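Read off the chains here:
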Amino acid sequence: MSDEAKEKILEAGSRCVARNGIRGLRVSDVAKEAGVSNGLIYYHFVDRQGLLTAMLEFVHRRSRDRLTQRPDSETVDDVLDVLFVDVSEDQEVRDNSVVWNEVRAIAVFEADLRQALATVTRLWERDTANDLERLTSVQNPERTALVLTALVEGLSSRWLTGQLTADEVKEIIRAVATQLGILSTERTGDAR
């Protein structure tokens, strides 16, 4: 029951952040959304900061879990699909992106969140670099992964604020992948 309760709290917290942002996040609101007591949240996460850190890890894990539902990456298009997994009109994907963007924004002011964000970001970059190394001939997969993940983060905030559509974000990522030599120019018109 303990793991189930934690998951329920993290799902509820993610929905609360997606609706009202981190600044508006109250432990009591998360408890109400999850149907648990405030005390249970403090038991599992110690404080609001612990809850936020766990939420960031949760949305990262949920994002990566969506990838396990796909076959292993075998082509460059699959590598790009891994980047596209965080840009979709699916409500859960959108909520995850809001949480990620909110944590990134507030981490400017909160050192504990900066560390958690850095850790999760390094995992994302490492996974992307591993795919690039295995499936492409890019000279520096680590640097290319850094560029691509940073691009997705920046474009994600524009998508969430309605400045770009999900399809436009994907087109831009494909164009940059072409510039980086990951895709050939004849394949760029095939935005997914």
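None of the values given here were measured: they were computed from a predicted structure. (Residues numbered from 1 in each chain as written. Predicted model: local features only at pLDDT ≥ 70, side-chain atom pairs only at ≥ 80, totals over all residues. Heavy atoms only, no water.)

Q: What exactly am I supposed to notice about the side chain of Arg62 here?
A: Position of Arg62 among the secondary structure elements: in helix H4 (residues 48-68). The contact partners of Arg62, leaving out residues within four places of it in the chain, are Glu11, Ser14, Glu92 and Asn96. (Helix = DSSP H or I, 4+ residues; strand = E, 2+ residues; numbered from the N terminus. Contact = heavy atoms within 4.5 Å.)

Q: What's the story with the confidence of the model for the protein chain in this structure? I'm lost.
A: A low pLDDT means the predicted coordinates there should not be read in detail. In the predicted model, the protein chain carries a mean pLDDT of 86, and the fraction of residues at 70 or more is 89%. At the level of individual helices and strands, the protein chain shows its lowest average pLDDT in helix H5 (residues 76-84), which scores 74, and its highest in helix H2 (residues 27-34), which scores 96. Across residues 186-192, confidence stays below pLDDT 50; counting only partners more than four residues off in sequence or on other chains, it has 14 contacts. (pLDDT = per-residue confidence, 0-100.)

Q: Is there a simple way to think about the packing of H2 against helix H3 (residues 38-45) in this case?
A: The description of two helices packed together rests on the angle between their axes and the distance between the axes. It is the contact of H2 with H3, at a shortest axis distance of 8 Å, that shows an interaxial angle of 105 degrees. Viewed along their axes, H2 and H3 adopt a mutual orientation that is roughly perpendicular. Contacts from Val27, Ser28, Val30 and Ala31 of H2 reach H3 at Asn38, Ile41 and Tyr42. A per-class count over the contact of H2 with H3 returns five nonpolar, two polar and no charged. (Axes fitted to C-alpha atoms, helices over the stretch in contact; angles between N-to-C directions. Parallel < 35°, antiparallel > 145°, perpendicular 65-115°, else oblique. Nonpolar A, V, L, I, M, F, W, Y, C, P; charged D, E, K, R; others polar.)

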